[in-house]
Amino acid sequence: VPPRSLNFAGGGDFKKVGKDFLGHFKAVGQLQPHESVLDVGSGVGRMAVPLTGYLAASTPYLGFDINQRGVEWCAQEITTRYPNFRFVHANIHNRFYNSTGTVAADQFVFPAADKSFDFSFATSVYTHMLTAEVLQYLKETTRCLKIGGRSLATFFLLDDEAEGLMAAGKSTLKFDHSMSPECRVSELRNPELAVAFDKCFICQAMEEMGLEITRICPGSWCGRRETVSYQDFVLVTRVR
């Protein structure tokens, strides 16, 4: 467990959240111990730590993140114990996490070869990115997945049900500010704090990139009950 000063990747119990998501990767994503894993936005290893006890010793894992201190902690505490786990610092500009970064997120190329991973995931990544950045990350995810590889990503997706629950005051978040026809945010002064996308837009973008939507698990953020998790899950398979 990282020191509290490094745990920048959101609230909740570090171990419990990681354990819960490992369960999602297995149950929803059908992740197997022999399958290579790409962690988009690995943070301070909240998802990597439980994976060390699940992936086979020879199975490659690659995580990258914009927070250099988080990457350094993971390399020191995880890679030294599990050499198949590798972490890379992505020097992407972000006014909160990496203000000195030199690369724009909508131009970033993942540090991985074409068709090199069986499974990828992005947890609480697209919920803090605007349209051009999300499209670039989806494009890069597609490039890095093998044909038949899967990706599990979390979003705040806007559809009729979510809109109705927000209007009824059931939601924990309000997305009142439009950044574009497909994208709304909770705060104009801090747009990346929480970002929601039109569900049809995200689904169409994925399909155009060669990703087939396998499953969508609606989240509880807008007031739904009996959900898998707080954010919406989208599982896709690369088909071309």
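Further up the page is the structure itself.
Throughout this document, residue positions are counted from 1 along each chain, in the order its sequence is written. Note on the predicted model: pLDDT of at least 70 is required for a residue's local features to be given, and 80 or more for side-chain atom pairs to be given and counted; whole-chain, interface and lining totals, by contrast, use all residues. Think of the side-chain values as coming from all heavy atoms in the structure, minus any hydrogens and water.

## What about the environment of N94?
Inclusion rule: Numbering goes from the N terminus for both helices and strands, where a helix is a DSSP run of H or I of at least four residues and a strand is a run of E of at least two. Pairs of residues are marked as contacts when any of their non-hydrogen atoms sit within 4.5 Å.
Along the polypeptide, N94 turns up in the loop between β3 (85-89) and β4 (117-122). As for N94 and V234, which are separated by 140 residues in sequence, their C-alpha atoms are 25 Å apart. Ignoring sequence-local partners within four residues, the contact set of N94 consists of I66 and S99.

## Comments concerning the packing of aromatic side chains
For the record, the criterion: Working definition: rings of Phe, Tyr and Trp (its six-membered ring) pair if their centres are within 6.5 Å, and the pair is stacked with planes under 30 degrees apart, edge-to-face with planes over 60 apart, and tilted otherwise. Partly exposed describes any residue whose relative accessible area lies between the buried limit of under 20% and the exposed limit of over 50%, with all areas from a 1.4 Å probe on protein chains only and scaled to the type maximum.
On inspection of all chains with the given rule, the structure shows 19 aromatic pairs. Relative to F119, the ring of F25 has its centre 5.8 Å away and its plane inclined at 65 degrees; by these criteria the two rings are edge-to-face. Placement of F25 in helix α1 (residues 14-27) and of F119 in strand β4 is noted, with a sequence separation of 94 residues between them. Taking relative accessible area as the criterion, F119 reaches 0% and is therefore assigned buried. By the ring-pair criterion, three or more aromatic residues cluster together here, those being F21, F25, F119, F121 and F233.

## Details of the side chain of Q231
Worth spelling out the cut-off: Here a polar contact is taken to be a pair of N or O atoms separated by no more than 3.5 Å, where protein atoms must pair a possible hydrogen donor with a possible acceptor and residues adjacent in sequence count only if both atoms sit in side chains.
For Q231, the location among the structural elements is in the loop between β10 (211-217) and β11 (232-238). Within the structure, Q231 has its side chain in polar contact with the side chain of S124 (distance 3.0 Å). Separated by 2.5 Å, the side chains of Q231 and T154 make a polar contact. Dropping the residues within four chain positions of it, Q231 is found in contact with S124, T127, T154, F155, F156, C217, G219 and W221.

## A short note on the pattern of salt bridges
What counts here: In what follows, salt bridge is the name for a side-chain nitrogen of Lys or Arg lying within 4 Å of a carboxyl oxygen of Asp or Glu.
Here the structure, examined in full by the defined rule, presents 11 salt bridges. Between D232 and R224 there is a salt bridge, with the nearest N and O atoms lying 3.3 Å from each other. The burial state of D232 is the same as that of R224; both residues are buried. Connected through shared salt-bridge partners, D159, E161, K199, R224 and D232 make up one network.

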